[in-house]
Structures are given as C-alpha cells and as structure tokens.
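Examining the three-dimensional arrangement
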Amino acid sequence: MEIITDQPGKKILLLGNEAITRGALEAGVDVATTYPGTPSSEIADTFSHITKYFTKKGDKPPFYFEYSTNEKVALEVAAAASFSGLRALTCMKHVGLNVASDAFMTYTYVGCKGGHIIVSADDPYCHSSQNEQDNRYFAIFGGAPMLEPTTPQEAKEMTGVGFDISEQLSLPLLLRTTTRLSHARGPVVFEKMQKPRGIGHFEKNPLLVTVPAVARKQHPVLLERMEQAEKISEKSQFNEVVNVGKPKDIGVVSSGVSFNYAKEMAETLSLDVRILKLGMTHPIPRRMCEKFIKSCSTIVVIEELEPILEQQFKTLAFDMKSDVKIFGKSTGRFSRLYEYNPDIVVDVFSKIFKVKNPFPKPVESKIKLPSRPPSLCPGCPHRATYYAVKKAAPKDSIYPTDIGCYTLGKEPPLEMADVLLCMGSNAGTACGFAVSTGQKIVSFMGDSTFFHAAIPALIDAVHHNHDVVITVLDNRTTAMTGHQPHPGTEFDGMGRPAKMIRVEDVARGCGVEHIEIVDPNNIKETTAAFKRALDFKGPSFVVSKSPCILLEVDRKRKAGEEIPVYSINQELCKRCKTCIGRFGCPALYFAEDGSVHIDTTLCNGCGNCVQVCPFGAISKSGVKE
C-alpha cells in the first residue's frame, strides 16, 4: 500500500487516475464517491483498495468511500458532505456527468462549503464509450471552474490545488482528464498528507433550497464567483508560456495531453514558438490570452475534440480587432474527431510552418489482418442466455440492449443487440417499441445497470402494461469495469458487509406479475422460461442469474475445485457448425481441414457447448491445470 505512505519527496510511478487519488489523500479528502466507468475506474478502485486495507486490519479508514448507485447519487452524497464542511471527491466517466447533470446544474447555483472535486474522465476515440462528448462544455454550461492536467504529476497537483480553489470560490471544481492521461503512468512526487476533517456539521441556510426566488438570487452570485475564478485563472500556476527555440511571433495554444504532443513536436521540428499551456481552462485567463494574442502574428490551437479554446481565442481576437491568423479545426488543420497523437501534430506543424516532416509515412501492410472485435469471455453465462432467447423468440423480435459486457452480444453469431442509447435505456426503449410495433421485444441489461438507471422504466412498463420481456443478466458484479460491488452484492466498496438487494424483489415491489428466475447454464430450462415470458400478455421480467465466469473460475481455484475442460469427438462431430456458427464461444475454432476443436487454454469449463451440440460430440476430457 505504497500510495498511502506519508513520505514527502518520495517518488513513485502512478497512473494518472491513481495520482488523482493520491492528490485527494494529500488534500485530506473526507468522502469519495463514484459509479464505476472507464476511463475513470482506477481512481475509485484505488480508494476502495485503501479502505479495504484498513478494514481488513480492523482499523477505521481515514475517509468514507462508496460505489454509489449511479453518478447522480454519487454527486449528491458528496455534495452533502461538502455542505457539511468536508472535502469530497466524485469521479465518473464523461457520460456519467450526463446522469449527474440534473444535480450539477443547480449545485453551482447553491455552491459548496468544503472543497468538492468532480472528476470527468473523457474518452476521445470512444475506446470504451458510446460517444466522445467533450465535457469541457459542462464547465461552461454549468458555471464551474475547470482544471486539465497534462501529466500524472500535474493530475495530483491539480487535485490538491483544486480543493483550495473550490473552497475559495464556494464552487465545485471540474477536473477533466482524458483516457490517455487517465491510463498513462508517470513519476509522481509525494507531498505531506493532510489529516481529513472527520465529522462535519450542517448549518441550515435557506439559500440551499432552490425555489425560484432563491434561484433568481443565486444566479448572479454564480456569475460573480466565475468573475473571481477568472482572477484565479490569471494567476494560476498551471497557466504558463513555454518557449521552444528562439520564439518571435508564432504561438501555440494547448491544454491537456495535447500540450505534450505540441511541445515534443515543436522541439522535434526545431520550431521557434511560444506555447501557451492552459491548465485552468475555465474560465480562461482573459488578460493573459489577450497579451499572448498581441504578441503573435500566427497562433495554432491544438485541442482534442471540440474547438472550445479556438472559439474563445477567435472571439478575443475579434474583440481586440487583431489580425492574428488562428489555425485550428475551423481552418481544416485539425479534426474534431478522435484522439490526437504526435504523428497528427507533427504533420500539421510541418504543413503550417513549411518544414519537412522528419518521420517517414507509415507503410500499410499488404497483408490483410482479420478483424478481432471484443467478445464475451469463454464460459460467459450471457452467451447461454442469448442462445436460449434466440431459440425462444420469433425471428423479427427486437432486442434493446444496454451498457456493459452484454453489449458484446451485438457481435456475430449471436447478434442480440438492436438498440443502445445509454445506461438503462434498454427498458425504456423496449416500452417504446411495444407501443410502436407489433413485434416481440426482449430487452437486456446487467444487474448493476438495473440499479443504476432502469427501475423507472420498469415502473413505466408495469404502469402502462407494456407487452415486453425485460431481462436482467445478473452476474453478481459490475463486470466490465473491474468487478466492483453494487446494491445486489453482499459487500460494499469498503469491504464491509452490506444489505444485498435482489433484482427480483425490486421487480415485485414495482408490481411486475410475471417473473422468471433462471440459471442460464441450463439452456433448455432457460429457453422454456423465455417462451413463457414471451407468451405472457404484459410486462414480464426474467432474471438470468449466474456469476461472471472470471469470478467463478477464481472462486473454484481458491476453493481447490476442479475446472473441467471439454473436447470434441471427431468421429461423432458432423461439422454442422452449430457450436461455432450459432453459439460462438471463442474457445471453439476451426482447424485447417475444417474440423472443429476446443482450445483448452481458453475453455473455462462452463460445459454449455455440450448442451448446444446436437450430436453429443462434446464431452469432458480433463481438468484445467
């Protein structure tokens, strides 16, 4: 547990996410909350590991931590801690801020008391997300100061300074990272850890109750606070001009990880430029930016995704009546799409500054590699559920899906995902299809997603008697983001026993009359259960309950239980391709002669392929080492 050592000057390698946790510890954080989501997951997971470490030793953790039901709840829990004078941190992936935005937009009106950092981990290129929205807009939209780190060291420093800024302004502060920073590992120097405040005290304040009259009073207060924020931005240690070569009148403006690419490539090309590195990007330091514009004849703005800095600099230049040339996305030099990298930046630099790109163009291989999309793990119980549903449902059935491992059911041969919008959307869109079509509808979500955002849609289905089958693929964990606990598990994020809430009990409480609970590893009974659910007129609810295969394998290994592996009897196999062509377990493969085999190094011993084979050619052949 090196990350909690209180040794100022100690230097260790940390992920950007871990560095944020360390920064919060050094700032004396009292309460940390989250709903897990990549690329932010390691921030909360590190908090969780620390609290479990103390819990296991029988000591009280120095701070409170929870995996909240969703991001809105996470923000509200932390906001209440802040209202009580404690320091709080809430982390989430970028789309999580959409969920939390209802609270966020009013939170900035009433303001905070104890410092509150809200980490938004954005995901350019959609490495693990359904969109690549730029959450810098939320800082502008909601009126929150914002910091953007360029390195893990700066992520730690900004977290600490962010608490101070938040308390100075009485506003929550948005700390915006991107995937490349979140998952980059770099040296981080420790500073002394402050002691958390411990117990807070809530003092009643009528201005915290945002009736319209209060909101009208608080909106101008928010604008005044943002004027103060701009003054802080003017003096911020994170806003600075970095000279490369012997600069004259060529400038570069950048923030976040893009600054690293800009500086490295300017040095590589031996450019003579001044780089305005903006770490506090909302509000921008207007006077500093105006001074920078006056000193330049040409400015290149390098920022991933939306042209937010570029538009602000163009507005400033227009108001100043400056004739500075500004190159960015609107001039077609940079794209609004995906991540940047050094190759992209050096290519644009070489064209704008008319210097030779020293790097050879990548040579495309003539060898066409096969596509390797992500897939459900060998032995994943979701695959068996999908296979059973496909057998039970009519061919033109609609399958709304959701965010999680089960989204991978979209891939062939299962192809059990037709619509996906956001967390919990499966049940809501299922209701919509029920009133819009005459087709059968079977929707899918995970247990964590059910608690996160699907319960209101389930109530909608019951209240309006929508003819839908709503399925919860209950694998007893939040699997895709790293097996975090949720309200359906017996332990919380601090390792303490917690009240386990069963999804089927919630469904009964919501008024669902037809509920099926199945073990998907019994494909015959699961198929029969879905047929009954489809025959029921009105909303039916299927809980397909089996633990994530990775957790199950781990449990068996710890318990000393055998993990069987299976093989195919080539004399019995008729090469009908049902096992690969319809079931699609990645452990199954074709040999060069067209025969089908099982890779025992991948097989996790679920045995579902035995049930799928119509000729009884698959059987247990040994035990996994």
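Our subject is the structure that appears above.
Residues numbered from 1 in each chain as written. Predicted model: local features only at pLDDT ≥ 70, side-chain atom pairs only at ≥ 80, totals over all residues. Heavy atoms only, no water.

With that settled, consider the packing of aromatic side chains. Counted under the stated rule, the structure contains 15 aromatic pairs. Judged by centre distance (6.2 Å) and plane angle (85 degrees), the ring pair of phenylalanine 104 and phenylalanine 138 falls under edge-to-face. Taken as a pair, phenylalanine 104 in helix α4 (residues 96-110) and phenylalanine 138 in helix α5 (residues 136-142) lie far apart in primary sequence, 34 residues in all. The pair phenylalanine 104 / phenylalanine 138 is uniform in exposure class, with both members buried. (Phe/Tyr/Trp six-rings, centres within 6.5 Å; stacked < 30°, edge-to-face > 60°. Helix = DSSP H or I, 4+ residues; strand = E, 2+ residues; numbered from the N terminus. Buried < 20%, exposed > 50% of the residue type's maximum accessible area, 1.4 Å probe, protein only.)

With that settled, consider the pattern of salt bridges. Under the criterion given, the structure shown has 34 salt bridges. The partner of glutamate 303 in a salt bridge is arginine 136, and the shortest N-O contact between them spans 2.8 Å. With glutamate 303 in the loop between β13 (298-302) and α11 (308-319) and arginine 136 in helix α5, this residue pair connects regions lying 167 residues apart in the sequence. The exposure class assigned to arginine 136 is buried, which follows from its relative accessible area of 2%. We note a salt bridge from arginine 532 to glutamate 516, for which the minimum N-O separation is 2.9 Å. Of this pair, arginine 532 sits in helix α17 (residues 523-535) while glutamate 516 is found in strand β17 (residues 514-518), placing the two residues 16 residues apart along the sequence. For glutamate 516, a relative accessible area of 9% puts it in the buried group. (Salt bridge = Lys/Arg side-chain N within 4 Å of Asp/Glu carboxyl O.)

For the pair α4 and helix α8 (residues 212-235), the least separation of the axes is 7 Å and the interaxial angle reads 80 degrees. It follows that α4 is roughly perpendicular to α8 by the angle criterion. On α8, the residues that touch Thr108, Tyr109 and Val110 of α4 are Ala215, Gln218, His219, Leu222 and Arg225. Its residues assigned to classes, the contact of α4 with α8 shows four nonpolar, three polar and one charged. (Axes fitted to C-alpha atoms, helices over the stretch in contact; angles between N-to-C directions. Parallel < 35°, antiparallel > 145°, perpendicular 65-115°, else oblique. Contact = heavy atoms within 4.5 Å. Nonpolar A, V, L, I, M, F, W, Y, C, P; charged D, E, K, R; others polar.)

Right, let's get into the packing of helix α1 (residues 16-26) against helix α2 (residues 41-57). One can describe the packing of α1 onto α2 by two numbers: an axis separation of 7 Å at closest approach and a directional angle of 50 degrees. Considered as vectors, α1 and α2 are oriented oblique to each other. Two packed elements cross with a definite hand, and for α1 against α2 that hand is right-handed. For the pair α1 and α2, contact is made by Asn17, Glu18, Ile20, Thr21, Ala24 and Leu25 and by Ser41, Glu42, Ile43, Thr46, Phe47 and Ile50, respectively. Grouping the constituent residues of the contact of α1 with α2 by class yields six nonpolar, four polar and two charged. (Left-handed = near helix turned anticlockwise from the far one by under 90°.)

All right, on to the sheet that holds β17 then. Pairing is parallel in the open sheet, where four strands are placed in the order β15-β16-β18-β17. Among the strands making up the open sheet, the edge pair consists of β15 (442-446) and β17. Across this sheet, the average inter-strand angle for adjacent strands is 20 degrees, counted without regard to direction. Pairing analysis gives five bridges linking β15 to strand β16 (residues 469-474), with the strands arranged parallel. The residue of β16 that forms the bridge with glycine 446 is leucine 473. Against the sheet, helix α14 (residues 425-436) makes contact with β15 and β16, and its axis sits at roughly 170 degrees relative to β15, the strand it touches most. Contacts between helix α15 (residues 447-463) and the sheet are confined to β15, β16 and β18 (540-545), with β15 contributing the most and set at about 145 degrees to the helix. (Pairing = 2+ DSSP bridges.)

A cluster of basic residues, Lys390, Lys391, Lys531 and Arg582, forms a positive patch at the surface. Along the chain, the position of lysine 390 falls in helix α13 (residues 381-392). A relative accessible area of 36% places lysine 390 in the partly exposed class. (Patch = residues over 30% accessible without salt bridge, like charges linked within 9 Å, V, L, I, M, F, W, Y side chains within 5 Å. Areas by Shrake-Rupley, 256 points an atom, 1.4 Å probe, with all protein chains shown as cover. Lys, Arg positive; Asp, Glu negative; His and termini not counted. Charge placed at Lys NZ, Arg CZ, Asp CG, Glu CD.)

Classification of glutamate 303 by relative accessible area gives buried; the value is 2%. A polar side-chain atom of glutamate 303 sits 3.4 Å from the main-chain amide nitrogen of isoleucine 308. Among residues more than four places away in sequence, those in contact with glutamate 303 are Arg136, Ser258, Ile308, Leu309, Glu310, Lys329 and Tyr340. (Polar contact = N/O pair within 3.5 Å; in protein donor to acceptor, adjacent residues only side chain to side chain.)

Glancing now at the layout of surface pockets. Space inside the largest pocket adds up to approximately 760 Å³. Surrounding the largest pocket, 38 residues form its lining, Lys93, Ser128, Ile403, Gly404 and Met480 being those nearest its centre. Elements represented by at least two residues in the lining of the largest pocket include exactly α4 and α15. When residues of the lining of the largest pocket are assigned to their parent elements, the largest contribution, four residues, is made by α15. When grouped by side-chain class, the residues that make up the lining of the largest pocket number 15 nonpolar, 20 polar and three charged. Taken as a whole, the second largest pocket encloses approximately 480 Å³ of empty space. Lining the second largest pocket are 19 residues, with Thr477, His483, Gln484, Pro485 and Thr489 sitting closest to its centre. Looking at which element gives the most residues to the lining of the second largest pocket, the answer is α2, with four residues. Grouping the constituent residues of the lining of the second largest pocket by class yields six nonpolar, eight polar and five charged. (1 Å grid on protein atoms, 1.4 Å probe; cavity = no way out; pocket = protein on both sides within 12 Å on 5 of 7 lines; lining within 4 Å. Points joined across faces, edges and corners; volume = space filled by probe spheres on them.)

What follows deals with the sheet that holds strand β10 (residues 250-254). Reading across the sheet, the five strands line up as β9-β11-β10-β13-β14 and stay open at both edges, with mixed pairing between neighbours. One side of each edge strand has no neighbouring strand; the edge strands of this open sheet are β9 (240-244) and β14 (325-327). In this sheet, neighbouring strand axes are inclined to one another by 25 degrees on average, regardless of whether the strands run parallel or antiparallel. When β10 meets strand β11 (residues 273-277), the two strands line up parallel, connected through four bridges. Considered in β11, the bridge of valine 253 is made with leucine 276. Contacting β9, β10, β11 and β13, helix α9 (residues 257-268) runs over the sheet at an angle of about 170 degrees to β11.

In this section: unusual backbone geometry. Here the residue pair threonine 38 and proline 39 is connected by a cis peptide bond, since its omega of 15 degrees sits within 30 degrees of zero. Assignment of secondary structure puts proline 39 in the loop between β2 (31-34) and α2. Proline 413 follows proline 412 through a cis peptide bond whose omega is 5 degrees. Assignment of secondary structure puts proline 413 in the loop between α13 and α14.

So, on to the environment of glutamine 312. Mapped onto the fold, glutamine 312 is located in helix α11. Note: C-alpha distance between glutamine 312 and cysteine 289 (23 residues apart in sequence) is 9.6 Å.

Moving on: α15. The largest bend in α15 is about 75 degrees, located at alanine 454, with the proline proline 456 one to four residues further on. Those residues of α15 that fall on the buried side of the exposure criterion are Asp447, Ser448, Thr449, Phe450, Phe451, His452, Ala454, Ala457, Leu458 and Ala461. (Bend = angle between axes of the 7 residues up to and from the residue.)

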